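An overview of the molecular structure
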Amino acid sequence: MTRLTPLQIEFIERVLSLRPLSATFDCDGTLWAGDAGEGFFSWELEQRLVPAEIARWARSRYADYRAGQVAEEVMCGEMVTMHHGLREDVVQQACDTYFAQAMGANIFPEMRELVGRLRRSGCDVWAVSSSNQWIIRSAMRWFGIPQDRILAAEVAIGNGIISDRLIRVPSGPGKPEAIRSALKSAPDCAFGNAIWDREMLAMSGHAFAVNPNPDLREIAIANGWTVYQPDANR
C-alpha cells in the first residue's frame, strides 16, 4: 500500500471532520489521472470490439466532437449506444481488462483511501460519471463502491444484449438530475475536476475541486470551494 504524505492525510482528515452522511464523486480526473472513458473508447476501436462500420463512424464522430461540433453529453451517450447489439458481458470483460492495464496505476492513493474511510464511517458514497457504465463498474471495484451506487452513462440491457436506449448521461446539469433520482437530498460533499461537475459541486453542502481543470479552478476560487491538487499531479 502506498504511504500517504502529510498533505494527503490532512486532506482526508479535513473531509472526514465534516462527518458527511452522503458524498458524490466524479471519476475521471478526480479519482485517477486521465480519462478512462475516452481511453477505453480509443482502445476498443483498436481492439476491434465493435464492427468496422461502427468504428469508422465513431472515429469520425469523435473528430467532430473534438472540433466542437458535437455536444459533450451527446458524445458521452453515443460512446455507450455504439455498443448496441453486443453482449454486455463481453464489453464488461473488455473494460475490466483495459482499466487494470491502463488506469489502475493512475489512481490517486489519497482518493482511494478517502472513499474507503468514508464508506467505513457509514457515509453513502456514490460515483457519478459521464463515462460508460461498464468502465465505471470496472473502476469502482478498486474503490469498493458497489454497482448500485454508480450513476454513469447507461443504456438498457435486454437478455444480456446492449440496446441503444439511453437511461442517463450524467454530465453537466445531468449530474444533479441523476443524483436527485437516487438520493433523497443533496449530497453533503461532492468532488469533481471539470466544468461538467460544476452543477454537482454547487448543489452539495461542501464542494471539493480535486485536480481541477483551469476553468473549474477559477469557478471554485470564486465560490470559495476547496481546491485540492493530488500529490501525483503536482
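Please refer to the structure higher up on the page.
It should be emphasised that the depicted structure is a prediction, and the values quoted were computed from it without experimental measurement.

1. Quick notes on the pattern of salt bridges
For the structure shown, the criterion picks out 12 salt bridges. For Glu78, the salt bridge goes to Arg61, with nearest N and O atoms at 2.7 Å. Taken together, the positions of Glu78 in helix α4 (residues 72-81) and Arg61 in helix α3 (residues 52-66) put the pair 17 residues apart, joining distant regions of the chain. With relative accessibility at 17%, the residue Glu78 sits in the buried group. A relative accessible area of 25% means that Arg61 is categorised as partly exposed.

2. Brief notes about the pairing of strand β4 (residues 161-168)
Both strand β3 (residues 150-158) and β4 contribute to a ladder of 4 bridges, which runs antiparallel. Among the inter-strand pairings, Ile157 is bridged to a residue of β4, identified as Ile162. Between the end of β3 and the start of β4, which pair antiparallel, lie 2 residues, with Asn159 showing a positive phi angle near 55°.

3. With respect to the packing of aromatic side chains
Under the definition given, this model contains 12 aromatic pairs. Ring plane angle 65° and centroid distance 6.0 Å describe the contact between Phe40 and Tyr98, whose orientation is recorded as edge-to-face. Highlighted residues: Phe40 in helix α2 (residues 36-46) and Tyr98 in helix α5 (residues 88-103), separated in sequence by 58 residues. Centroid distance Tyr62 to Tyr65: 5.6 Å. Interplanar angle 40°. Geometry classified as tilted. Of the two residues, Tyr62 and Tyr65 are both situated in helix α3; the distance of 3 residues between them amounts to about one turn of the helix. Judged by its relative accessible area of 17%, Tyr62 is buried.

What counts, and at which threshold
Residues numbered from 1 in each chain as written. Predicted model: local features only at pLDDT ≥ 70, side-chain atom pairs only at ≥ 80, totals over all residues. Heavy atoms only, no water. Salt bridge = Lys/Arg side-chain N within 4 Å of Asp/Glu carboxyl O. Helix = DSSP H or I, 4+ residues; strand = E, 2+ residues; numbered from the N terminus. Buried < 20%, exposed > 50% of the residue type's maximum accessible area, 1.4 Å probe, protein only. Pairing = 2+ DSSP bridges. Phe/Tyr/Trp six-rings, centres within 6.5 Å; stacked < 30°, edge-to-face > 60°.

Such coordinate-based values are descriptive only and should not be taken to indicate function.
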